[in-house]
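For reference, the chains in residue letters:
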Amino acid sequence: MSEERSCVVVTRDCWTESNGTACMSYRLDSIEVQNGKRPLEYDQEGENVQRKLQKHSNSSNLVGVTLSLGSSSASPPEQTDKQDHAGDNSDRNTLFPALDCDSSINSLIRCSRSDYGAIASLNHNFRSLIRSSELYRERRRNGVVEHWVYISCQPLEWEAFDPARLRWMRLPRMTPNDFFVFSDKESLGVGTELLVCGKDVLAHVIYRYSLLTNTWSTGMQMNAPRCLFGKASLGEIAIFAGGCDSQGKILSSAELYNSETGTWTTLRSMTKPRKMCSGVFMDGKFYVIGGIGGADAKPLTCAEEYDLATGTWTEIPNMSPVQPNLENDIPDTSAAPPLLAVVDNQLYSADYAEMAVRKYEKHNKAWVTIGGLPEGVSSIHGWGLAFRACGDRLIVVGGPRVMGRGFIEVHSWAPREGPSEWNLLGQKQSGSFVYNCSVMGC
């Protein structure tokens, strides 16, 4: 493949490096091929599926590609360069010769996350900045947020979907032991990290994917390791509440994780122990909703609200959506935790049995049906179906139950735009059972 030059169009001033030439302008409009590296690697299988989808929907803006996240991580010799990892600021003022450091960063935060891998390949200074957390802190401070959906339909394999550019991206494969592979796992996007929690041979473990380095790591633990907990994130923080310890004891304890510092802080315990619950942030407060608890391990209809300002919990009766009735010989623990999402500080739930979407009316503290779920998505008592908030939209990720190799679909609906009308954003050949799904906004 012939080497092509990079082109970040910002003025007509240009500078030359050993790896290629970069052109500058005051706007970062497009990045095509950097230093001979193609930022886009076409996934032939995904491309074929997307072509069929495009033909089916008569849409001209669907793109079926796999974006190589590896372009944002350094080659092995570069990974040993501690200066890159430290985010050296010594030459930041030379990012764009025509601009000072602050103006340069202000331009970069308005680029798409999809372009950062290509920008990082321009030179050491760009790479150092993008692999530090500074750029994402500035994005958050300026209200620049992009939401990507992270999906696992095969053990140890994760893909990201960019709903703005309609692109699929493959993450590096996880490399844990066999025990973790077959354990139940839970995931959450927080800050620039994707946390995947499961069990090892002797204990609970957490694998952490870093968007900054495009790598997985482990070794981090909660103060009180647990599973089957309620959790949610807000910017760089996340709260984990309830769940079970390694002995099966249902917990009332809660912890706050700060992804900027990598630290866990124990919070005041809830009023009730519960497991298999769901968590959301709404109006700046954390809610843990539903689940199973009590001496008889029965479903809970109440919720608890945690006020971050006062550090106190308040019980809210009947806030949990009505869970579908299971057959008499099926235990309550066979059903998935409540499928909940918050958009524009409004709480929504998905009823997998009735294929309905409901909204929680705050003023009268009641759930009302506002529409249906997309046709064709299926689940097993709620498992295998993802219902999430993605910016100002609700998304549903799932697929039909089929024999052999199936496919998953990503559907989207913005409640503020009116009655439920789901748009099909993407479709990809894969297992149709969604094991884990999280949204990362940064």
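Residues numbered from 1 in each chain as written. Predicted model: local features only at pLDDT ≥ 70, side-chain atom pairs only at ≥ 80, totals over all residues. Heavy atoms only, no water.

Draft legend 1. Representation of unusual backbone geometry within the structure. Phi is positive for M355, close to 55°, though the residue is something other than glycine. Its place among the elements puts M355 in the loop between β23 (346-351) and β24 (356-361). A positive phi is found at H381, a non-glycine position, where the angle reads about 55°. Among the structural elements, H381 can be located in the loop between β25 (366-372) and β26 (386-390). (Helix = DSSP H or I, 4+ residues; strand = E, 2+ residues; numbered from the N terminus.)

Draft legend 2. Representation of the packing of aromatic side chains within the structure. The tally for this structure, following the rule as stated, stands at 13 aromatic pairs. Seen from their ring centres, F161 and W168 are 4.7 Å apart, and the 50° between their planes marks the pair as tilted. On the basis of relative accessibility, which here comes to 0%, the residue F161 falls in the buried class. Relative to W367, the ring of Y360 lies with its centre 5.3 Å away and its plane at 55°, an arrangement referred to as tilted. (Phe/Tyr/Trp six-rings, centres within 6.5 Å; stacked < 30°, edge-to-face > 60°. Buried < 20%, exposed > 50% of the residue type's maximum accessible area, 1.4 Å probe, protein only.)

Draft legend 3. Representation of empty space enclosed by the protein. Inspection of every chain in the model, using the stated rule, returns 6 cavities of 30 Å³ or more. Taken as a whole, the second largest cavity spans an internal volume of roughly 70 Å³. The wall of the second largest cavity is formed by 13 residues, among which P321, V322, Q323, A350 and D351 lie closest to the centre. Top element by residues in the lining of the second largest cavity is β23. It accounts for 3 residues. Classifying every residue of the lining of the second largest cavity gives 9 nonpolar, 2 polar and 2 charged. (1 Å grid on protein atoms, 1.4 Å probe; cavity = no way out; pocket = protein on both sides within 12 Å on 5 of 7 lines; lining within 4 Å. Points joined across faces, edges and corners; volume = space filled by probe spheres on them. Nonpolar A, V, L, I, M, F, W, Y, C, P; charged D, E, K, R; others polar.)

Draft legend 4. Quick peek at the sheet that holds strand β20 (residues 303-307). Pairing in this open sheet of 4 strands is antiparallel, and the strands run β16-β17-β20-β21 from one edge to the other. Taken across any chain shown, the strands that pair with only one partner, and hence form the sheet edges, are β16 (278-282) and β21 (312-316). Adjacent strand axes in the sheet meet at a mean angle of 25°, parallel and antiparallel pairs treated alike. As defined by bridge partners, β20 adjoins β21 across 5 bridges and the pair is classed as antiparallel. Of the residues in β21, the one forming a bridge with A303 is I316. (Pairing = 2+ DSSP bridges. Axes fitted to C-alpha atoms, helices over the stretch in contact; angles between N-to-C directions.)

Draft legend 5. Molecular detail of the pattern of salt bridges. Applying the stated rule across the entire model yields 18 salt bridges. Here R139 ties to E146 by a salt bridge, and the two come within 2.9 Å at their closest N and O atoms. Through salt bridges with shared partners, a single network forms among R137, R140, E236 and E260. (Salt bridge = Lys/Arg side-chain N within 4 Å of Asp/Glu carboxyl O.)

Draft legend 6. Inspection of the environment of S233 at higher detail. Within the secondary structure, S233 is located in strand β12 (residues 230-234). Separated by 45 residues in the primary sequence, S233 and L188 place their C-alpha atoms 7.5 Å from one another. Apart from residues lying up to four places away in sequence, S233 is in contact with L188, G189, V190, A238 and F281. Here the side chain of S233 touches G189 through a polar contact of 2.7 Å, landing on its backbone oxygen. (Contact = heavy atoms within 4.5 Å. Polar contact = N/O pair within 3.5 Å; in protein donor to acceptor, adjacent residues only side chain to side chain.)

Draft legend 7. View of helix α7 (residues 134-141). Of all the residues in α7, the buried ones are L135, Y136 and R139. Burial along α7 is one-sided: seen end-on, the buried residues are contained in an arc of 95°. Where α7 is buried, its residues meet α4 (101-108), α5 (116-120) and α6 (124-130). The positive-phi residue at the C-terminal boundary of α7 is G143, with phi of around 70°. (Arc of directions from axis to C-beta.)

Draft legend 8. Structural context of the sheet that holds β25. Strand order in the open sheet made by the 4 strands is β22-β23-β24-β25, with antiparallel pairing throughout. With partners counted over all chains shown, the strands left at the sheet margins are β22 (339-343) and β25, one partner each. Looking at each pair of strands side by side, their axes are set apart by 30° on average, direction ignored. Strand direction decides the pairing type here: β24 and β25, joined by 6 bridges, are antiparallel.

Coordinates in, geometry out; function isn't part of it.
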